[in-house]
Amino acid sequence: MSRTLSIAFAGFVLAGVVSAQEKPKLAEPAKDDFDSLVASMVKTLTEVGEALSKITDDKAAKEAAPKLEQLAKSMAELTERGQKLGKPSGDEEKALKTKYEADLTAASKKLTGEIERLKGQPYGKAVLDFLKPKPKTPNKPKDTLPEKPKDK
């Protein structure tokens, strides 16, 4: 399960933080837990794989861009949620494995296959750019003047 969860989390880390003006509209329970997080991860990974599988030419790639951007935002939010929750306990991990391993594995395989397919297509680079990590821009302090040396 650790490997499966690691693959899923790596996929979300791969997605990175996408700069956006709107927050993704992902339903989040009042108190977050591993079960809801992994269920959301499975759903989002499946949606990304399905969206990528429909891209077969330049036109489809352009049409898929808004959906991929939305999914990348969701993946970034899930990554943040996962970081806040930390690592599940041994019992929680076993329960998650029992419940989600098959779905996570299937979604990860589909996603990986679609990424590999798109890498070889001329329109694939632009599509996959939506899923690459975007660097966080640090908050720049306002321009300040250097301190004047103090007179002695």
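Before any of the text, the structure's been laid out above.
Residues numbered from 1 in each chain as written. Predicted model: local features only at pLDDT ≥ 70, side-chain atom pairs only at ≥ 80, totals over all residues. Heavy atoms only, no water.

Asks: Just to check I follow, could you spell out the overall build of the protein for this structure?
Replies: Helices and strands together make up the secondary structure of the protein, namely five helices and zero strands. Going from N to C terminus, the protein has its helices and strands arranged as α-α-α-α-α. In the protein, which comprises 152 residues, the share counted as buried stands at 37%. In the protein, 87% of the contacts between residues at least 6 apart in sequence involve partners at least 24 apart. (Helix = DSSP H or I, 4+ residues; strand = E, 2+ residues; numbered from the N terminus. Buried < 20%, exposed > 50% of the residue type's maximum accessible area, 1.4 Å probe, protein only. Contact = heavy atoms within 4.5 Å.)

Asks: Teacher, can you tell me more about helix H3 (residues 58–85) here?
Replies: Taking 1.5 Å of rise per residue, the 28 residues of H3 would be expected to cover 40 Å, and the 39 Å separating its terminal C-alpha atoms lies within 8% of that figure. Bending of H3 peaks at approximately 45° at the position of Ala65, with proline Pro66 no more than four residues after it. Among the residues of H3, the N-terminal cap falls to Asp57, whose side-chain oxygen and the backbone nitrogen of Lys59 are separated by 3.3 Å. Phi for Gly86, located one or two positions after H3, is positive at around 80°. (Expected span 1.5 Å × (residues − 1). Bend = angle between axes of the 7 residues up to and from the residue. Polar contact = N/O pair within 3.5 Å; in protein donor to acceptor, adjacent residues only side chain to side chain.)

Asks: I would appreciate a short explanation of the environment of Ser53 in the present structure.
Replies: Topologically, Ser53 is positioned in helix H2 (residues 34–53). Separated by 57 residues in the primary sequence, Ser53 and Lys110 place their C-alpha atoms 8.6 Å from one another. A distance of 2.7 Å separates the side chain of Ser53 from the backbone oxygen of Glu50, its partner in a polar contact.

Asks: Got a minute to help me understand helix H4 (residues 90–119) in this structure?
Replies: Each α-helix winds once per 3.6 residues, and so residues spaced three or four apart point in a common direction. Between its terminal C-alpha atoms H4 stretches only 37 Å, short of the 44 Å expected from 30 residues at 1.5 Å a residue. The largest bend in H4 is about 60°, located at Tyr100. Buried within H4 we find Glu93, Leu96, Tyr100, Leu104, Ala107, Ser108, Leu111, Glu114, Ile115 and Leu118.

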